[in-house]
Amino acid sequence: MRSLFPARRRHVATLALAVVATAFATTAAHAADYQRILNGSFSAGTADPWWASAGVTNRVANSELCASVTGGTTNPWDALIGQNGVPFEAGQQYTMSFDAYAATPQRIAANAGEAVSPYQGIARHEVQLTTSKQKYTFTFASQLSFPDSGNGQITFQLGGNTANNTVCVDNISLVGGVIPPGGPGAPTKKVQVDQVAYVPGLPKHATLVSDATTAQTWVLKNSAGTAVATGQTTPKGVDALSGDPVHLIDFSSYDTAGTGYTLTVGAESSFPFGISADPIKRLRYDSLAFFHHQRSGIAIDAQYVGTTYARPAGHLNVAPNQGDNNVPCRSDLNCGYTLDVRGGWYDAGDHGKYVVNGGISAWQVLNTYERAKLVGDAAALGDGKLAIPEKANGVPDILDEARWEVEFLLRMQAPDGMVHHKIHDANWTALPTLPHQDSQPRRLSPTSTAATLNTAAVAAQAARIWKTIDPVFSAKALAAAAKAYAAAKANPNKIADPNDSTGGGAYSDTTLTDEFYWAAAELYTTTGEAGYRADVTGSTLYKGRSINDRGYDWGYTGPLGDITLALVPTGLPAADVAAIKAAFVAAADSLLTQMASQGYPAPYREPDGTYVWGSNGLVANNASVLALAHDFTGAAKYREGVYEALHYLFGRNPVSYSYVSGYGGQPVRNVHHRHWANQLDPTLPIAPPGALSGGPNSGLQDPIAERMLQGCKPQKCFVDHIEAYSLNEVTVNWNSALAWIANWAAEKSAPSIPPDSTPPTTPGTPVAANVTATGATLTWTASSDAESGVRNYDVVAIEGDSTRVVTSVSGTSATLTGLRPDTAYRFAVQARNGAGLTSTVSGAVSVTTSPDGQTHCKISYQATGWSTGLSGNVTITNTSGTNWDSWTLRFTWPGNQRITEGWSATWTQTGAAVSATPLSWNSRVPAGGSVQVGFNASSSPPHPEPTDFTVNGQPCSRN
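Throughout what follows, the structure given in this document is the object of discussion. These figures come from a predicted structure and were not determined experimentally.

Attention now moves to the overall build of the protein. Broken down by element type, the protein carries 15 helices and 43 strands. For 959 residues, the compact-globule formula gives about 30 Å, and the C-alpha radius of gyration of the protein, at 30 Å, lands near that figure. Each of the three principal axes of the protein carries a C-alpha extent, and together these read 90 × 70 × 65 Å. Per-residue burial for the protein yields a buried fraction of 56% across its 959 residues. Looking at the protein, you have 63 positive and 75 negative side-chain charges, and the mean spots of the two groups are 2 Å apart.

Before going further, it helps to examine the state of the cysteines. Considering all chains together, one arrives at four disulfides under this definition. The disulfide that involves Cys712 links it to Cys717, with 1.9 Å between the sulfurs. Of note, the bridge from Cys712 to Cys717 carries an S-S torsion of about 100 degrees and is right-handed in sense. Here Cys712 falls in the partly exposed class, since its relative accessible area comes to 22%. In this structure Cys717 comes out as buried when scored by relative accessible area, which is 0%. Note on cysteine connectivity: Cys857 is disulfide-linked to Cys956, with sulfurs 1.8 Å apart.

Here three strands make up an open sheet; going across it, the order is E23-E25-E26 and the pairing antiparallel. Sheet topology places strand E23 (353–354) and strand E26 (442–444) at the edges, where each strand pairs with a single neighbour. Bridge count for E23 against strand E25 (residues 422–425) is two bridges, and the pairing is antiparallel. Paired with Tyr354 across the bridge in E25 is Lys422.

With antiparallel pairing, three strands are arranged side by side in an open sheet as E28-E29-E32. Here the strands that pair on one side only, and so sit at the sheet edges, are strand E28 (767–769) and strand E32 (813–816). For this sheet, the mean angle separating the axes of adjacent strands, direction not counted, is 25 degrees. Pairing of strand E29 (residues 776–779) with E32 involves four bridges; the strand directions are antiparallel. Within E32, the residue paired with Leu778 across the bridge is Ala814.

This part is about the packing of helix H11 (residues 615–633) against helix H15 (residues 732–748). Two elements in contact, H11 and H15, have axes separated by 8 Å at closest approach and are oriented at 35 degrees. In this structure, the crossing between H11 and H15 has a hand that is left-handed. Every residue of H15 that contacts H11 at Gly617, Ala620, Asn621, Ala623, Ser624, Ala627, Leu628, His630 and Asp631 is listed here: Trp734, Ala737, Leu738, Trp740, Ile741, Trp744 and Lys748. Looking at side-chain class alone, the contact of H11 with H15 contains 10 nonpolar, four polar and two charged residues.

Evaluated as defined, the whole model comprises 38 aromatic pairs. On the basis of an interplanar angle of 15 degrees and a centroid distance of 6.1 Å, the ring pair of Phe650 and Tyr663 is categorised as stacked. Taken as a pair, Phe650 in the loop between helix H12 (636–649) and helix H13 (703–708) and Tyr663 in the loop between H12 and H13 lie far apart in primary sequence, 13 residues in all. Tyr663 carries the same exposure label as Phe650, and that label is buried. When the ring of Trp893 is compared with that of Phe935, the centres are 5.7 Å apart and the planes differ by 85 degrees; the resulting orientation is edge-to-face. Highlighted residues: Trp893 in the loop between strand E37 (889–892) and strand E38 (898–903) and Phe935 in strand E41 (residues 930–938), separated in sequence by 42 residues.

Once that is clear, we can look at the pattern of salt bridges. Summed over all chains, the structure comprises 34 salt bridges. Between Lys204 and Asp255 there is a salt bridge, with the nearest N and O atoms lying 2.6 Å from each other. Here Asp255 lies in the loop between strand E17 (245–250) and strand E18 (258–265) and Lys204 lies in the loop between strand E12 (197–198) and strand E13 (205–209), a separation of 51 residues in the sequence. Assessed through its relative accessible area of 35%, Asp255 is described here as partly exposed. Taking the shortest distance from any N to any O, the salt bridge between Glu747 and Lys748 comes out at 3.7 Å. A relative accessible area of 19% places Glu747 in the buried class. Through salt bridges with shared partners, one network takes in Asp324, Lys353, Asp425, Asp438 and Arg442.

Turning next to helix H7 (residues 513–527). Given a rise of 1.5 Å per residue, 15 residues ought to cover 21 Å, and the 21 Å separating the end C-alpha atoms of H7 matches this to within 8%. Counting buried residues in H7 gives 12 out of 15 residues, a clear majority hidden from the surface. Among the residues of H7, Asp514, Glu515, Phe516, Tyr517, Trp518, Ala519, Ala520, Ala521, Glu522, Leu523, Tyr524 and Thr525 are the ones counted as buried. Of the surrounding secondary structure, the elements contacted by the buried residues of H7 are helix H3 (355–375), helix H5 (449–465), helix H6 (471–490), helix H8 (530–537) and helix H9 (558–567). Once H7 ends, the next one or two residues include Gly528, with phi positive near 70 degrees.

The next thing to look at is the nonpolar core. Counting residues in each nonpolar core, the largest one holds 159 residues, and the members touching the most others are Leu366, Tyr485 and Tyr659. The biggest single contributor to this core is H5, with 11 residues. Excluding anything up to four places from it in sequence, Tyr659 contacts Asn616, Tyr648, Leu649, Asn653, Val668, Ala691, Leu692, Ser693, Gly695, Pro696, Gln715 and Phe718. Of all hydrophobic cores here, the second largest spans 36 residues; its members include Val56, Ala110, Ile122 and Val127.

Moving on, we get to unusual backbone geometry. The omega angle of the peptide bond from Asp48 to Pro49 is 10 degrees, so this bond is cis rather than trans. Assignment of secondary structure puts Pro49 in the segment before strand E1 (51–52). Cis geometry is adopted by the peptide bond preceding Pro432, which originates at Leu431 and carries an omega value of -5 degrees. Its identity is not glycine, yet Ser63 carries a phi of approximately 60 degrees, on the positive side.

What follows deals with the environment of Ala814. With respect to the helices and strands, the residue Ala814 is situated in strand E32. A relative accessible area of 3% places Ala814 in the buried class. Linking Ala814 and Thr779, residues 35 residues apart in sequence, is a C-alpha distance of 6.6 Å. Other than its neighbours up to four places away in sequence, Ala814 contacts Ala776, Thr777, Leu778, Trp780, Val795, Thr807 and Val809.

Rules behind the numbers
- Residues numbered from 1 in each chain as written.
- Predicted model: local features only at pLDDT ≥ 70, side-chain atom pairs only at ≥ 80, totals over all residues.
- Heavy atoms only, no water.
- Helix = DSSP H or I, 4+ residues; strand = E, 2+ residues; numbered from the N terminus.
- Rg over C-alpha atoms; globule rule 2.2 N^0.38 Å.
- Buried < 20%, exposed > 50% of the residue type's maximum accessible area, 1.4 Å probe, protein only.
- Lys, Arg positive; Asp, Glu negative; His and termini not counted.
- Charge placed at Lys NZ, Arg CZ, Asp CG, Glu CD.
- Disulfide = S-S within 2.5 Å.
- Pairing = 2+ DSSP bridges.
- Axes fitted to C-alpha atoms, helices over the stretch in contact; angles between N-to-C directions.
- Left-handed = near helix turned anticlockwise from the far one by under 90°.
- Contact = heavy atoms within 4.5 Å.
- Nonpolar A, V, L, I, M, F, W, Y, C, P; charged D, E, K, R; others polar.
- Phe/Tyr/Trp six-rings, centres within 6.5 Å; stacked < 30°, edge-to-face > 60°.
- Salt bridge = Lys/Arg side-chain N within 4 Å of Asp/Glu carboxyl O.
- Expected span 1.5 Å × (residues − 1).
- Core = buried A, V, L, I, M, F, W, Y, C linked by side-chain atoms within 4.5 Å.

Keep in mind these values describe shape, not function.
Structure below.
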């Protein structure tokens, strides 16, 4: 069985300028012998996390880091190698030592200080290198404090020489300080619970860590601290996966809904938790929201994610991005073409987009919907359920989100039908780097059979799902799937290079039987064609033979085909479908047996007893095996097993973390991500709610893990650290597993409230403001609903004896556009609650729009066209009567025109919608003033003009 991930290495490369030297101490360090440098011996053959500045190239050979330094620099600090996140404590002493030599003798400086402005110095020590390796040692006292992963830094200054040179260093050590590596650490409880909530009506279990061999008394307390239940623990002995001596606590008999409960045993107390189904119902949407955050090629707007997580679009050819619309193959491939591979989801905390990881992710999101439509509750996954731009297009939002990735997978298809394995940066970008800040060249890796089969499988699945929703897209997807499958059969063993891991993960997979089976199953289910059926029934994996209790992942996808064949009606014999379902049930029984022996039950175990990279993703995927066993049999034990797995992810584990960000008393905060990088930059956010951390990994495949967790038991190989990427990364395929199981668990949870039969109260009469010739803003007093809450408001136009819905909003204000000039209107508001019940209509407000011409802005548009494009110039005049400190121009193309370049503004385009924002020099437009901007666009004659011009959300008149 294969590991979930090959090691993926990242560089953390914030570069400092010169730091001012301070006096060196002459006394020896007197603190504990804590090593502060990571990977100082280079024994693993990697430079990670050492970085190199411009003009310097690092390589590791013979367990030494050798830096090739380009000559011609002026200052020592013009050429650097270094390590960030080095901790220092004010008043403590440190001893630094290193071995070094140079191809040509030169003077270098070892430097300790601050990595960012104002670049405060701690110490600087110059040495003269010779061509022979020598050891250098010095001691100093720090006057500054930097925590782990803070702005402390060690650098070697190698510049100031006219000629090229090579400098090699080894055995780098920095010893000192009194705070242990990693800081004081998060609190670990002796009473481990699901820190979020237990669903009413289901078993409620917890774990006590205790050496006691006899039963202990537990007490359940409510939020007021009053004891509401008590009982005795069951001693279980030492748990193999954690090394903890454990007792089990069963408080299932208590079932009163509420929040703020705690379990206590003697002086030990758990994190607070609830008894409620509400959190899992929130998680079904938060886990899906993760994918919108990960979108490439579109601005992540505050109206959908809030200001904290909003960011500009990444990789759309807006400097410094080099863009994804015209990406060449890697330089050694000479493929002879470029591809437009915009869109899709960033795979993880980096900026790569990988077909084999995107394939399983898109498939799981789509299968979440398809399963719910066939055997569950698809209503909870309808249009308007997610905060995404497509939320009111009549298509379930979960499908809109998945389509963003499916469209990308189709763009990765080469002209011969094969599919490129991945697209990412030529080199790893620094932590933190937001997508729009990425300046690296983008490159396509070679096509691979695995990527081609992933695309065939997902495109066939999409063709089935969109057949009636969007027949044109369905046909396009099916054609791509058939072409990909044929290409894969013609190239059955084109394996991705396992060493292609510079700037992006390798994702190599040498066994493709499972991908062939999965793709054939999807194509047969969609088309019913005999050739695909023969490939399915002739596979060695047919009838559930790939299903096992280790679980499935991006590199082992056979069970995905079985899930489809078990759920979607086909022409297969009923006995064969029954055999597939029986295989899921058998695997589920094995998982329950495993969990019964564990102190912290999780449905996952490697054959050798270890945990691998992304273990939490495997826990979630195996929870889906339990869920499907319940779908197929109705047996309660499988349903209960699903929630036990969620309890582990939510905090009933030996490290006292909820592995889902934003959920629980101690959720992960510092996931490995280039935007959610608060641990490195306090101005950046932590992970938003609903992101699943990769979790414990016995391999310790990053320097942080290697330093802090040597000898850890499998379930304890975890630390919440941004640079511990082999433990605390987030990826689309782990979150797709979480989203699948969260939606299933929400569907199967006991109702948290009785059915709502009471409509919301009547909202207040709206008040009109900012009335123009074509629009107005309405505000009103909120409605209330004590049961299911107010979901949205319909703004209605009263026209005689009838009403017409003008717009629907979630808040208590609405900006109306598209009204007729010099026209009288009457508007009212109606509230709708979570159960779909509507209030009575509010009182009406009368609004008369201004005569044409009295608008917020005026637009003059001129264009010159040719056979394949046009050049447009727009003059924006401020007619509002007040000065603009900034502006945003928006308009809509009537056809398939695309902006290819622009000037005097920052231009973005999503679908037919175009927006432009000012540069620093033209953001202010006084009342009556104008600003001119322009662009080039692809277009075909007769070059229809754009429509719906607005500035700052207000409609504009046209010259």
